[in-house]
Amino acid sequence: MNESLETQRKEQILDAALHVLVQNGYEQSRMDDVVKSSQLSKGAIYWYYKSKKEMYLDLVNFWVLRYSVILNHIVEEDAPPSRQLKDLFKYFIDQYETDPQPFIALTEFWSMAQKDKEFKNKLQKVYTHFLELLENIIERGVTSGEFKKLDVRMTALSIMVNIESINWFTLFEIHGVTVKEYMETITDFILAGILKKH
């Protein structure tokens, strides 16, 4: 099988796996559900994944790769750190409004991380990378004088936790507040707290 067809098949399986996960939750998801949703044969699914766990661990990789391309581009662009933070928040707003499914899936992965060491280790790597990306932006902001002198790790962690709070909207009623309104307000709060006053 050529590489592009193999990639296409895996994407088809993982898109189906995401759909099943969002509909059923991890514990209630079955490989047969993924077979049905993907419209592939059972043999095709098991050719790529020997178990449900293996498939869902790869789903984390799949989404990390998808998001990483854009996140790394935002960090690498030649823009002031405050603009990069705004772009980062905007990216997550746009993603949520376009397709909230990966955010719903993430709450399932958080739950699995409490019960399963492999899921915990996988998510730990994801969040460590994201934290380092944020630290890079903050560090450059402090060095350039755009941001006040602050604890880079603490600031990056605060920003990451605020971005992750988008998942709250997948679980609870929003009480008249949209994700966009909330995230834009949080962005303003964060920037007001870290920008150096001139």
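Look up a bit, the structure's there.
Since the structure is predicted, the reported quantities are computational estimates derived from the model, not experimental observations.

(A) Seen up close, helix H6 (residues 101–115). Over its 15 residues, H6 extends 22 Å from the first C-alpha to the last, a length consistent with the 21 Å expected when each residue adds 1.5 Å. Buried within H6 we find Pro 102, Phe 103, Ala 105, Leu 106, Thr 107, Phe 109, Met 112 and Ala 113.

(B) Molecular detail of helix H8 (residues 152–164). The terminal C-alpha atoms of H8 lie 18 Å apart, and with 13 residues this matches the ideal 18 Å at 1.5 Å per residue to within 8%. Contacts from the buried residues of H8 go to helix H5 (81–98), H6, helix H7 (117–144) and helix H10 (179–194).

(C) Region of the structure containing the nonpolar core. Within the largest apolar cluster, 65 residues are counted, with the highest numbers of intra-cluster contacts made by Tyr 56, Leu 88 and Phe 109. Not counting residues within four places of it along the chain, the set of residues in contact with Phe 109 comprises Leu 21, Tyr 56, Leu 59, Val 60, Phe 119 and Leu 123.

(D) Focus on the environment of Asp 87. Examined against the element boundaries, Asp 87 turns out to sit in helix H5. Placed 13 residues apart in sequence, Asp 87 and Ile 74 show a C-alpha to C-alpha distance of 6.9 Å. With near-sequence residues (within four places) excluded, Asp 87 lies in contact with Ile 74 and Glu 77.

(E) Layout of unusual backbone geometry. Unlike most non-glycine residues, Gln 39 shows phi in positive territory, near 65°. Inspection of the secondary structure assignment puts Gln 39 in the loop between helix H2 (31–38) and helix H3 (42–48).

(F) Region of the structure containing the packing of aromatic side chains. Inspection of the entire model under this criterion finds 13 aromatic pairs. Ring geometry for Tyr 26 versus Tyr 56: centroids 5.5 Å apart, planes at 70°, classification edge-to-face. With Tyr 26 in helix H1 (residues 3–28) and Tyr 56 in helix H4 (residues 52–76), the pair connects residues that are 30 residues apart, well separated along the chain. Between Trp 168 and Phe 169, the aromatic rings sit 5.3 Å apart at their centres with planes inclined by 85°, giving edge-to-face as the arrangement. Taken together through their ring pairs, the aromatic side chains of Phe 62, Trp 63, Tyr 67, Tyr 91, Phe 92 and Phe 130 make up a single cluster. A cation over an aromatic ring shows up here: Lys 52 above the ring of Tyr 26, its NZ or CZ 4.3 Å from the ring centre. The residue whose ring lies beneath Arg 66 is Trp 63, and the NZ or CZ to ring-centre distance is 4.7 Å.

(G) Expanded view of the packing of H6 against H7. It is the contact of H6 with H7, at a shortest axis distance of 6 Å, that shows an interaxial angle of 125°. Relative to H7, H6 is oriented oblique. With respect to the hand of their crossing, H6 and H7 are arranged in left-handed fashion. Across the interface between the two elements, Leu 106, Phe 109, Trp 110, Met 112, Ala 113 and Lys 115 of H6 pack against Lys 117, Phe 119, Lys 120, Leu 123 and Tyr 127 of H7.

How each quantity is defined
- Residues numbered from 1 in each chain as written.
- Predicted model: local features only at pLDDT ≥ 70, side-chain atom pairs only at ≥ 80, totals over all residues.
- Heavy atoms only, no water.
- Helix = DSSP H or I, 4+ residues; strand = E, 2+ residues; numbered from the N terminus.
- Expected span 1.5 Å × (residues − 1).
- Buried < 20%, exposed > 50% of the residue type's maximum accessible area, 1.4 Å probe, protein only.
- Contact = heavy atoms within 4.5 Å.
- Core = buried A, V, L, I, M, F, W, Y, C linked by side-chain atoms within 4.5 Å.
- Phe/Tyr/Trp six-rings, centres within 6.5 Å; stacked < 30°, edge-to-face > 60°.
- Lys NZ or Arg CZ within 6 Å of the ring centre and 35° of its normal.
- Axes fitted to C-alpha atoms, helices over the stretch in contact; angles between N-to-C directions.
- Parallel < 35°, antiparallel > 145°, perpendicular 65-115°, else oblique.
- Left-handed = near helix turned anticlockwise from the far one by under 90°.

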